[in-house]
Amino acid sequence: SKRRLDNIESVLLSRRIGADSLVKCVAIVGGTHGNERHGVHMVRHYLKDPSKVTRDSFKTMCLIGNPASVDNKGTGAGTRYVDQDLNRCFPATSIYSDKATALLNVEERRAREVDLLLGPKDSRSPVADFIFDLHNTTSNTGILLCFHPDDSFALRLAAFLHSKDPSIVMCLWPSGDRGLLPTVGRGGMTVEIGPLAHSTVNAKSLLQTMELIERALDFIDEHNTAISKGTAPPPLPDRSTLPLFKGIASLDYPRCGEEPTGFIHPNLQGISELQPGSIIKAGDPVFLMIDGSTQNFEGKGGPGLENVDWTKDLYPMFVNEAAYYEQGCACALAQKCSW
């Protein structure tokens, strides 16, 4: 295990897809969270009829991320997880720990299986060159593409998709080795689509997500074709025009002990996240208290806001995300950034 953990970050950086690197295998993963159903139905459809995701220049794999949570029954179809969030189980320290297989919980065991199928994460030549991990959120994210800050191929792909649909926004993961499923490949991104209630499907949004993924596959195919013909890939758009963000902080619900005493204010609920004008300022209402009073955003000097650059606008994201209640997150806060 120690050998596999040595220099893991340098391994991950060295294997990134370059402008002149062929992409040989792409993975489409749905059901990393079992109650986020768009990806589940997309993967099942593509497994039955792979014609829409088949390209001549690379292999496409389709995978249900967490079958146990997909098949589980909660308040509806699927549960987010069985024992713990699978999408936090992929740091190298967890995948390659000395913990005996018999002692692993459902998601720890599945993470090791996924690492064998799409990785391994500690290899300079993992099976999957690029991974699309399909998610839904109860928050009004629209189409949000999240990826690692050193994954320039993901940025190029996201920029292409944004050129086709200017409503698409992007957010960078924190740097370093993350516990997210796409990190077992050479590159990848989390595709967040919202708002959508857990365990449900919005047919129009589902078809739009399929179109997005199929368009992304076309981009990768064109990337490979350009390399094979010895021509330059399309230039990256002006990076200053891209709606690129990074998470800065988060706000918890007001509490008395463990019990929330206030909830997202109607003025903030349903905000079009990371879109022009969708900002939060000191004095803006954030929580409507259970006694009917309002709690406003403190702004500079508030708890947990030490990393905020107060010369830049602050954007709420993942507002009132249902899955984050247990994590003490009423909403995250993001700011625009450059590559």
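Residues numbered from 1 in each chain as written. Predicted model: local features only at pLDDT ≥ 70, side-chain atom pairs only at ≥ 80, totals over all residues. Heavy atoms only, no water.

Participant: Go over the nonpolar core, please, and point to the residues and values.
Facilitator: The biggest cluster of nonpolar side chains holds 44 residues, and the ones touching the most others in it are I28, F132, L145, F147, M189 and V191. Those residues in contact with L145 that sit more than four places away from it in its chain are A158, L161, I168, V169, M170, C171, M189, T190, V191 and L212. If you look at the next biggest cluster of nonpolar residues, it comprises 20 residues, including C25, V29, A92 and I95. (Core = buried A, V, L, I, M, F, W, Y, C linked by side-chain atoms within 4.5 Å. Buried < 20%, exposed > 50% of the residue type's maximum accessible area, 1.4 Å probe, protein only. Contact = heavy atoms within 4.5 Å.)

Participant: Tell me what's going on with helix α3 (residues 37-48), and back it up with residues and numbers.
Facilitator: The end-to-end C-alpha distance of α3 is 17 Å, a good match for the 16 Å that twelve residues give at a rise of 1.5 Å each. Listed in full, the buried residues belonging to α3 are R37, H38, G39, V40, M42, V43 and Y46. Where α3 is buried, its residues touch β1 (25-30), β2 (59-64), α4 (67-71), β3 (130-136) and α8 (203-229). (Helix = DSSP H or I, 4+ residues; strand = E, 2+ residues; numbered from the N terminus. Expected span 1.5 Å × (residues − 1).)

Participant: Outline the environment of C337, listing residues and values.
Facilitator: Here C337 shows up in the segment after β14 (331-336). For C337, a relative accessible area of 17% corresponds to the buried category. As a C-alpha pair, C337 and L244 span 93 residues in sequence and 5.9 Å in three-dimensional space. When sequence neighbours within four positions are dropped, the list of residues in contact with C337 reads L172, L244, F245 and K246.

Participant: Describe the pattern of salt bridges, naming the residues involved and giving the relevant values.
Facilitator: Inspection of the entire model under this criterion finds 14 salt bridges. Notably, a salt bridge pairs D284 with K281, separated by 3.8 Å at the nearest N-O pair. Overlapping salt bridges, with partners in common, bring together E36, R80, D85 and R88 in one network. (Salt bridge = Lys/Arg side-chain N within 4 Å of Asp/Glu carboxyl O.)

Participant: Describe the packing of aromatic side chains, and please don't skip the residues or the numbers.
Facilitator: Applying the stated criterion across every chain, the model contains nine aromatic pairs. Note on F160 and F219: the rings are 5.0 Å apart at their centroids and 35° apart in plane angle, and the pair reads as tilted. Of the two residues, F160 sits in helix α7 (residues 152-164) while F219 sits in helix α8, which places them 59 residues apart along the sequence. With a centroid separation of 6.2 Å and 50° between ring planes, the pair formed by Y253 and F263 is classed as tilted. Of this pair, Y253 sits in the loop between β7 (244-251) and β8 (255-256) while F263 sits in strand β10 (residues 262-264), and the two are ten residues apart along the sequence. Taking relative accessible area as the criterion, Y253 reaches 3% and is therefore assigned buried. The class of F263 is partly exposed, set by a relative accessible area of 32%. Grouping aromatic residues by their ring pairs yields a cluster made of F130, F132, F153, F160 and F219. (Phe/Tyr/Trp six-rings, centres within 6.5 Å; stacked < 30°, edge-to-face > 60°.)

Participant: Which residues make up the side chain of T137, and what values go with them?
Facilitator: Along the chain, the position of T137 falls in the loop between β3 and β4 (142-147). Polar side-chain contacts of T137 include one of 2.5 Å to the side chain of E321. For T137, the residues in contact, after removing those within four places along its chain, are E192, I193, G194, P195, L196, F318 and E321. (Polar contact = N/O pair within 3.5 Å; in protein donor to acceptor, adjacent residues only side chain to side chain.)

Participant: Let's hear about the sheet that holds strand β12 (residues 294-296): which residues, and what values?
Facilitator: Spatially, the three strands line up as an open sheet ordered β10-β11-β12, and their pairing is antiparallel. Each having just a single partner strand, β10 and β12 make up the two edges of the open sheet. Looking at each pair of strands side by side, their axes are set apart by 35° on average, direction ignored. Direction of pairing for strand β11 (residues 285-289) relative to β12: antiparallel, over a ladder of three bridges. Bridge assignment links L288 to a residue of β12, and that residue is T294. (Pairing = 2+ DSSP bridges. Axes fitted to C-alpha atoms, helices over the stretch in contact; angles between N-to-C directions.)

Participant: Kindly report on the environment of L206, identifying the contributing residues and their values.
Facilitator: By the element assignment, L206 lies in helix α8. Overall, L206 belongs to the buried group, its relative accessible area being 14%. In the structure, L206 is positioned 82 residues away from R124 in sequence and 34 Å away in space, judged by C-alpha atoms. Aside from chain neighbours lying at most four places away, what touches L206 is H38, M42 and V201.

Participant: How would you summarise unusual backbone geometry if you had to cite specific residues and measurements?
Facilitator: Between G119 and the following residue, P120, the backbone shows a cis peptide bond with an omega angle of 5°. Here P120 shows up in the loop between α6 (106-118) and β3. The residue after G194, namely P195, is reached through a cis peptide bond having omega 10°. Although it is not a glycine, F318 adopts a positive phi angle of roughly 50°. By the element assignment, F318 lies in the loop between β13 (315-317) and β14. For F318, a relative accessible area of 10% gives the class buried. Non-glycine residue N320 carries a positive phi angle of around 60°. Along the chain, N320 falls in the loop between β13 and β14.

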